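Each chain is listed here by its residues.
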Amino acid sequence: MAKVKEICEEKLRGVIENEGYELLEVSYQKESTGMNLVFTIDCDNGVTIEDCEKIHKIIDPILDEINPTDDKPYILSVSSPGIDRPLKTERDFKRNLNGEIEITLFQKLDGKKNFKGLLKAYSEDEIEIETEKGSIKLQRNKIAHIVPVIKF
């Protein structure tokens, strides 16, 4: 399955980027409907359903040609990352700088596993957030999950 993802990323990343989108992730996994090949895209202005349809139409014939699943059937989907997507990439962190995020740790630190605050700084090794009680630096390898706080 990793081979399918790698082939798709290698062959289609440039095609998608040439259209002005970023390819965030390719997943290939079994769902109740069968095997699903999902391309998650993003762009500076957000992704609309029309953007997903556009990329779907562009990559579908290329996928037919490169045949990454060796003729095994799959359902192709193109989607946006969603507003509640976990922060993973440099771009995710940059976009959420000074925004409110929620962090879940693998193990408790000072009796807590969950922290909420403004993202003040980030590096490969640590995340710094500003909370009501002050600034906290958390080691990245201790963090299980980071998501933006969504307010309606």
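The shown structure was predicted, so the numbers you read here are calculated from the model rather than taken from an experiment. (Residues numbered from 1 in each chain as written. Predicted model: local features only at pLDDT ≥ 70, side-chain atom pairs only at ≥ 80, totals over all residues. Heavy atoms only, no water.)

1. Let's talk about the pairing of strand β5 (residues 112-122)
Next, step 1: Pairing analysis gives six bridges linking strand β4 (residues 100-109) to β5, with the strands arranged antiparallel. Residue Leu 109 lies in a different strand from β5, and its bridge partner there is Lys 112.
Next, step 2: Joining the antiparallel neighbours β4 and β5 is a turn of two residues, in which Asp 110 adopts a positive phi near 55°.
Next, step 3: The pairing of β5 with strand β6 (residues 126-131) spans four bridges and is antiparallel. What sits directly across from Tyr 122, in β6, is Ile 127.
Next, step 4: Counted between consecutive antiparallel strands, the loop separating β5 from β6 contains three residues. (Pairing = 2+ DSSP bridges. Helix = DSSP H or I, 4+ residues; strand = E, 2+ residues; numbered from the N terminus.)

2. A word on the sheet that holds β5
Next, step 1: Taken in spatial order, the five strands line up as β7-β6-β5-β4-β8 in an open sheet, and their pairing is antiparallel. Sheet topology places β7 (134-139) and β8 (143-148) at the edges, where each strand pairs with a single neighbour. Between one strand axis and the next, the sheet turns through 40° on average, direction left out of account. (Axes fitted to C-alpha atoms, helices over the stretch in contact; angles between N-to-C directions.)

3. Let's talk about the nonpolar core
Next, step 1: Counting 19 residues, the largest nonpolar core has Ile 16, Leu 37, Phe 39, Ile 41, Ile 59 and Leu 63 as the members making the most contacts within it.
Next, step 2: Those elements giving two or more residues to this core turn out to be α1 (2-18), β1 (22-31), β2 (34-42), α2 (49-66) and β3 (75-79).
Next, step 3: When neighbours within four sequence positions are excluded, Ile 41 is seen to be in contact with Ile 16, Tyr 21, Glu 22, Leu 23, Leu 24, Val 47, Asp 51, Ile 55, Val 78, Ser 79, Ser 80 and Pro 81.
Next, step 4: Counting residues in each nonpolar core, the second largest holds twelve residues, with Ile 103, Ile 129, Ile 143 and Ile 146 among its members. (Core = buried A, V, L, I, M, F, W, Y, C linked by side-chain atoms within 4.5 Å. Buried < 20%, exposed > 50% of the residue type's maximum accessible area, 1.4 Å probe, protein only. Contact = heavy atoms within 4.5 Å.)

4. Quick look at the pattern of salt bridges
Next, step 1: The final tally for this structure, using the stated rule, is ten salt bridges.
Next, step 2: Residues Arg 91 and Asp 44 are paired through a salt bridge, measuring 2.7 Å at the closest nitrogen-oxygen approach. Placement of the pair is Arg 91 in helix α3 (residues 90-95) and Asp 44 in the loop between β2 and α2, with a sequence separation of 47 residues.
Next, step 3: Relative accessible area serves as the criterion here: at 72%, Asp 44 is assigned to the exposed category.
Next, step 4: Asp 92 serves as the salt-bridge partner of Arg 95, at 2.8 Å between the closest nitrogen and oxygen. Separated by three residues within a single helix, Arg 95 and Asp 92 lie in helix α3, roughly one turn from each other.
Next, step 5: Exposure remark for Arg 95: the relative accessible area of 45% places this residue in the partly exposed category.
Next, step 6: Here the salt bridges do not stand alone but share partners, grouping Glu 22, Asp 42, Asp 44, Arg 85, Arg 91, Asp 92 and Arg 95 into one network. (Salt bridge = Lys/Arg side-chain N within 4 Å of Asp/Glu carboxyl O.)

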